[in-house]
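Chain by chain, the residues run as shown.
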Amino acid sequence: LNYPTASFMTSAPTLAQCPSDIGAEVAFAGRSNAGKSSAINALTQQKGLARTSRTPGRTQLINFFSVANDEALRLVDLPGYGYAQVPEAVKLEWQRHLSEYLRERFSLRGLVLLMDVRHPLTEFDQMMLGWADKREMPVHILLTKSDKLKNGPAKAALQKVRSRLHEWEDLVSIQLFSSLKREGVDTLSQRLDQWLSP
Ligand code: GDP
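Just so it is clear, the model here is predicted, and its values are computed rather than measured. (Residues numbered from 1 in each chain as written. Predicted model: local features only at pLDDT ≥ 70, side-chain atom pairs only at ≥ 80, totals over all residues.)

Novice: Please provide a residue-by-residue account of the nonpolar core, values included.
Specialist: Formed by 46 residues in total, the largest nonpolar core has its most connected members in Phe28, Leu113 and Leu143. Considering each element in turn, this core owes the most residues, six residues, to strand β5 (residues 108–116). Not counting residues within four places of it along the chain, the set of residues in contact with Leu113 comprises Ala29, Gly30, Asp125, Met128, Val139 and Ile141. (Core = buried A, V, L, I, M, F, W, Y, C linked by C-beta atoms within 7 Å. Buried ≥ 20, exposed ≤ 12 C-beta atoms within 10 Å, placed from the backbone. Helix = DSSP H or I, 4+ residues; strand = E, 2+ residues; numbered from the N terminus. Contact = placed C-beta atoms within 7 Å.)

So, in structure tokens, the structure goes:
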């Protein structure tokens, strides 16, 4: 698919307000600051498509982008999680929205889970993996900002995450990714194609 054709469709504060649950979509999730907006912008070759609108405590939206002018093919930018400053009640509320979306969204074909290569598999990342696993939803992990490590340590980090997730190897794939150096964009596109192509 031609991801640079992606364009903003709509934002939704809750699952109930999401666009019709038809066609196919893939969702991007990750701890805030993991590099999610940068990755979506690298994939779509659009600098401002996914905006880094992160005001802790404010309600965050689920953003939908259509691909190739087809609203039945969507990329979904889920709210980043893990703001330290956010009140516990707001965190729980978001947790509820995310888990509801992951459990109930029928058109969801796969989840791209972004983790900073230097801080992979946080508690919340593991929770997301657990929710995906419950539905047998495939997950593609991007170990982001791989340019921050030298080649050897980056590969070692990749192996380590792989070995920790080996029990889920049927459902989980993992790669290194750098938006800055545009590394791993093709691999990501191919994975998305597998999920979104009819
Ligand atoms: P988000 O909160 O997950 O959407 O993260 P952003 O995409 O806004 O990125 C958070 C910070 O990490 C920003 O300062 C980015 O410039 C930086 N960043 C994102 N991707 C990369 C990358 O591939 N390499 C490096 N070195 N920095 C990155």
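Novice: Could you give me a rundown of unusual backbone geometry, with the residues and numbers involved?
Specialist: What you tend to see is this: most non-glycine residues have negative phi, and most peptide bonds are trans. Although it is not a glycine, Leu121 sits at a positive phi angle of roughly 55°. When you line up the elements, Leu121 lands in the loop between β5 and α3 (123–134). In this model, Arg182 sits at a positive phi of 55°, which is unusual for a non-glycine residue. Positionally, Arg182 belongs in the loop between β7 (172–176) and α5 (185–196).

Novice: Before we move on, can you summarise the environment of Ser66 with the specific residues and values?
Specialist: You can see Ser66 is positioned in strand β3 (residues 62–67). Ser66 gets classed as buried once you count the C-beta atoms within 10 Å, which come to 20. Distance in space between the C-alpha atoms of Ser66 and Ala6 is 5.4 Å, their sequence separation being 60 residues. Sequence-distant contacts of Ser66, that is, excluding residues within four places in its chain, are made with Ala6, Ser7, Met9, Glu71, Leu73 and Arg74.

Novice: Could you give an account of the pairing of β7, with specific residues and numbers?
Specialist: Here β7 shows a clear split, with Val172, Ile174 and Leu176 buried on one side and none of Ser173 and Gln175 buried on the other. With five bridges connecting them, strand β6 (residues 139–144) and β7 associate as parallel partners. Residue pairing for β7: Leu142 is matched across the bridge by Gln175. Once you follow β6 into helix α4 (residues 151–164) and on to β7, the crossover reads as right-handed. (Pairing = 2+ DSSP bridges. Right-handed = clockwise from strand over helix to strand, strands pointing away.)

Novice: Can you explain the environment of Gly82? Please cite residues and give values.
Specialist: With respect to the secondary-structure elements, Gly82 resides in the loop between β4 (70–77) and α2 (88–104). Through-space distance from the C-alpha of Gly82 to that of Ala24 is 27 Å; in sequence the pair is 58 residues apart. If we ignore the near neighbours within four places in the chain, the residues touching Gly82 are Arg31, Ser32, Thr122 and Phe124.

Geometric descriptors of this kind do not, in isolation, establish any biological role.
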